[in-house]
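If you want the building blocks of each chain, they are given just below.
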Amino acid sequence: MTDRPVAIVTGGAGGIGQATSRRLAEDGALVVLADIDEAAAKAVADALMAGWVAGGAAGGDRRVEPAALDVTDPASVQRLVDDLVARFGRIDILVNNAGFPRDAPLTKMTDAEFRSVLDVCLFGSFACARAVAPVMIEHQYGRIVNMASRAYLGNPGQANYSAAKAGVVGLTKALAKELGRHNITVNAVAPGIIETDAVRAHPKYDLLTSLAHKQNSIRRLGSPEDVADAIAYLASARASFLTGDVLHVSGGRFS
């Protein structure tokens, strides 16, 4: 058992997942950095812990631990939830961050490309929220933060990703209405173009950077820390009267 808030961050080994795990731990949560790539999750968790410990005694009080999780497999999700409840007696925060794009023009997009994105981004968010909800309802407290994207407004070549993220927005609003009476808030963040390793490796990185400078009100790419700060606010007690909302972390780009 623990007196700390317990947080699950799915897709925790990625850029936004790492930054979010770091931020929540620095705010005092015990963070479970969950990823389908268990080795990557362990490497990230170990690196975060080592950095904090090296920083001094206060750093040693922070805690992040890795976990294997396939968000598209309800049995995998339930195993993680059951394990955390058995060990810590609580789950306070769920950050549904797992997801990825598989871009292609509509006429060339395969069934697998469409379904895989919806399975991870949309079904995965549903499956994780469904699993943690009974624990949060029992404790009459919870924070669920879903990862949408500015793409929910529609992007060419992203029929799958845009549809999945629009679904995440709808899911967020439905769950907010359903769970609010239990003191559980459900919100979403909608990032614009964020400078993760995956974006830096994108073949059109220079074009993306140029577009950000032209189309954003704040003329730069976002950072993973920009998104993590927004998530940390929505996951905190400070956001207790905010639910069913979508917080755009897009530098002022909405179209």
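Everything numeric here is computed off the predicted structure, so don't read it as measured data.

### With respect to the pattern of salt bridges
Then comes step 1: This structure, assessed with the given rule, holds nine salt bridges.
Then comes step 2: Salt-bridge contacts for D92 lead to R90; the nearest nitrogen and oxygen are separated by 2.9 Å.
Then comes step 3: When its relative accessible area of 8% is taken as the criterion, D92 is described as buried.
Then comes step 4: Because the salt bridges share partners, they merge into one network encompassing R63, E65, D83 and R87.

### Focus: the pairing of strand 6 (residues 184-191)
Then comes step 1: Most of strand 6 is tucked away: eight of the eight residues are buried.
Then comes step 2: Residues I184, V186, A188 and A190 line one face of strand 6 and the alternating positions T185, N187, V189 and P191 line the opposite face, and both faces are buried.
Then comes step 3: Sheet topology note: the strand 5 (residues 142-147)/strand 6 ladder contains six bridges and is parallel. Looking at strand 6, one finds that M147 is bridged to V189.
Then comes step 4: Handedness of the crossover joining strand 5 and strand 6 through helix 5 (residues 159-179) is recorded here as right-handed.

### Comments concerning the layout of surface pockets
The gaps left among the atoms become clear once a water-sized probe is rolled over them.
Then comes step 1: In this structure, the second largest pocket encloses a volume near 170 Å³.
Then comes step 2: In this structure, the second largest pocket is lined by 13 residues; those nearest its centre are P5, D27, I93, A235 and S236.
Then comes step 3: Looking at the lining of the second largest pocket residue by residue, the class counts come to eight nonpolar, one polar and four charged.

### Quick word on the environment of D92
Then comes step 1: With respect to the helices and strands, the residue D92 is situated in the loop between helix 3 (74-88) and strand 4 (93-96).
Then comes step 2: Along the sequence, D92 and V6 sit 86 residues apart, while their C-alpha atoms lie 5.3 Å from each other.
Then comes step 3: Excluding its chain neighbours within four sequence positions, the residues that come into contact with D92 are R4, P5, V6, M136, Y141, G142 and R143.
Then comes step 4: Of the polar contacts made by the side chain of D92, one reaches the side chain of R90; its length is 2.9 Å.

Calculation criteria
Residues numbered from 1 in each chain as written. Predicted model: local features only at pLDDT ≥ 70, side-chain atom pairs only at ≥ 80, totals over all residues. Heavy atoms only, no water. Salt bridge = Lys/Arg side-chain N within 4 Å of Asp/Glu carboxyl O. Buried < 20%, exposed > 50% of the residue type's maximum accessible area, 1.4 Å probe, protein only. Helix = DSSP H or I, 4+ residues; strand = E, 2+ residues; numbered from the N terminus. Pairing = 2+ DSSP bridges. Right-handed = clockwise from strand over helix to strand, strands pointing away. 1 Å grid on protein atoms, 1.4 Å probe; cavity = no way out; pocket = protein on both sides within 12 Å on 5 of 7 lines; lining within 4 Å. Points joined across faces, edges and corners; volume = space filled by probe spheres on them. Nonpolar A, V, L, I, M, F, W, Y, C, P; charged D, E, K, R; others polar. Contact = heavy atoms within 4.5 Å. Polar contact = N/O pair within 3.5 Å; in protein donor to acceptor, adjacent residues only side chain to side chain.

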